[in-house]
Amino acid sequence: MGKGGGSGGAGNLGREALAYVDALHNLARYLTGSVQDAEDLVQETYVRALQADQQFTPGTNLKAWLFRILRNTFIDQYRRRRNDPTIGGLDTVDPVAQDAAHEDWLRDDIVLDRLRNVVAEDIEKALMQLSKEARTVILLDLEGQTETEVAEILGCAVGTVKSRLARAREALRQRLKDYAR
Amino acid sequence: MDCREAQLHLMDAQRGRLRPELQGALRAHLDTCAVCSRAEAEEQVLTEILERRLPQHPASIALKRRLAAQWPVAPVATRSWWSRWGASLVPALVVAVVLLVALPAYFEHTNGVRKDDTSGMVREAVNNYLRLISSQHPLDIASGGIHQVKPWFEGRLDFAPVVSFEGDQDFPLKGGSVGYFLDRKAAVFVYGRRLHTITLFVFRAGGLPWPTRGLEAMGRASASASVSRGFNVLLWRSGELGYALVSDVDARELRELGVKLAGGT
């Protein structure tokens, strides 16, 4: 399949795996920031999924399994690109956001209303300013993955997911305030 | 419940994952604590704008075609499982053969419903769901509320779909369309759950092999819960109408919507 795939079968993996291509591509797009890189990442994800299809247990969460492969594939690529210019590491929230003093910008309804009116383009920009791990956890949560599922995808404890998600959302709120003014 | 604990549970509460015994305590705390109440509002606004306005980047049609074209047609054996498991499987195979012979006869005798018939309904529900979510135009009528969607079906179906749940903040009604369920027309109602799609098919129930075993109370109905290819399916009937509720949300959330629907049918 594509780049070196096709050697694996689809023993445990039916074509319904393709039903998740949009969700996978959306996460890939937000991780890579590029349409072409996202397509390559999704394609590589399916190649690896087919090669590892015997490891998938039918009846378990196929979507979470595919997300895990995509995330691991992305990490492999990330490690190969040591000159990646992304702010922060994979496992951190943008230090600028972390260091930002907590402001009272949301302390009244006017600010909340302004936040509600932030346009789509600015939400995307704010999200892209976060670290990749922060983006990932926010997007997986939006996709409806439970904390347990996210923990399996990221390979960490459920409590870690909870704290990462809280920090990521807080960082995103801090970023959005710039667009809400 | 103190502020630290309350804020720890805010996200779970928003996601409908908080245990019932904690929900009351959280609500009581929020009613009296301005700081936590504000934090809840902030989380809600952030969730709202992310769910409604964050641009989505679906895969291109070219990528979908490429993946579909390159998907293996048939399974390929990659390992000799018999050499690893064969000896230990012999007793299990003997039992399986006995069950294979005895169980179908038993069920046909006692029930008159064959498993693969019911499986056919589940399979149909999932296939219809997949068709709908992959469609470029899944909705014939975008929702302006249940009172716009239901009248739209008049003249398009040979029955009146009975659905009184008009959607709410947790499960907004997105719209409807006309589809098919096996050999008959169906009213299709589409609800949302965060970024997920939940589809309700309503159709004439007569002549279908409805499950009679393993039913669970759900609102005023008794429903059969199944998992097929990772999708959760609830099947139930009410009077002359049948209902199939399908989604990739987890079983508990789907059942939550099922109770709302069955309670009003």
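Everything numeric in this text was worked out from a predicted model, so none of it was measured.

Here's the deal with the overall build of chain B
Reasoning step 1: Scanning chain B for helices and strands turns up eight helices and eight strands.
Reasoning step 2: Per-residue burial over chain B gives 28% buried out of 265 residues.

Some thoughts on the nonpolar core
Where a protein is soluble and globular, its nonpolar side chains tend to be buried together.
Reasoning step 1: Within the largest apolar cluster, 52 residues are counted, with the highest numbers of intra-cluster contacts made by Leu24, Leu27, Ala28, Val42, Leu66, Leu70 and Leu172 of chain A.
Reasoning step 2: At eight residues, the largest contribution of residues to this core is made by helix H3 (residues 62-80) of chain A.
Reasoning step 3: Within the second largest apolar cluster, 41 residues are counted, among which are Phe171, Phe189, Tyr191 and Ala262 of chain B.

Let's talk about the pairing of strand E8 (residues 241-247) of chain B
Look at any regular strand and the pattern is simple: side chains alternate between the two faces of the sheet.
Residue and element names in this part refer to chain B.
Reasoning step 1: Counting buried positions along E8 yields six of seven residues, so the element is predominantly enclosed.
Reasoning step 2: As paired strands, strand E7 (residues 231-238) and E8 are joined by seven bridges and run antiparallel to one another. Opposite valine 233, over in E8, you have valine 246 as the bridge partner.
Reasoning step 3: With antiparallel pairing between neighbouring strands as the criterion, E7 and E8 make up a hairpin whose turn holds two residues, including glycine 239 at a positive phi of roughly 60°.

Quick look at the interface of chain B and chain A
Reasoning step 1: At the interface, 37 residues of chain B touch 43 residues of chain A.
Reasoning step 2: Counting only elements with at least two residues in the side of chain B that touches chain A, the list comes to helix H3 (34-53) and helix H4 (61-70) of chain B.
Reasoning step 3: Considering every element that reaches the side of chain B that touches chain A, the biggest residue donor is H3 of chain B, with eight residues.
Reasoning step 4: For the side of chain B that touches chain A, the class distribution of residues is 21 nonpolar, six polar and 10 charged.

Regarding the packing of helix H1 (residues 21-32) of chain A against helix H2 (residues 35-51) of chain A
Angle between the axes and distance between the axes are the two parameters that describe a pair of packed helices.
All names here are of chain A.
Reasoning step 1: The interhelical angle for the contact between H1 and H2, taken along N-to-C directions, is 130°, at an axis separation of 8 Å. In this view, H1 runs oblique relative to H2, as classed from their interaxial angle. The interaxial crossing formed by H1 with H2 has right-handed handedness. Contacts from Val21, Leu24, His25, Ala28, Arg29 and Thr32 of H1 reach H2 at Val35, Asp37, Ala38, Leu41, Val42 and Thr45.
Reasoning step 2: For the contact of H1 with H2, the per-class residue count stands at seven nonpolar, three polar and two charged.

What counts as what
- Residues numbered from 1 in each chain as written.
- Chains lettered and ligands numbered in written order.
- Predicted model: local features only at pLDDT ≥ 70, side-chain atom pairs only at ≥ 80, totals over all residues.
- Helix = DSSP H or I, 4+ residues; strand = E, 2+ residues; numbered from the N terminus.
- Buried ≥ 20, exposed ≤ 12 C-beta atoms within 10 Å, placed from the backbone.
- Core = buried A, V, L, I, M, F, W, Y, C linked by C-beta atoms within 7 Å.
- Pairing = 2+ DSSP bridges.
- Contact = placed C-beta atoms within 7 Å.
- Nonpolar A, V, L, I, M, F, W, Y, C, P; charged D, E, K, R; others polar.
- Axes fitted to C-alpha atoms, helices over the stretch in contact; angles between N-to-C directions.
- Parallel < 35°, antiparallel > 145°, perpendicular 65-115°, else oblique.
- Left-handed = near helix turned anticlockwise from the far one by under 90°.

Nothing here speaks to function; it is all geometry.
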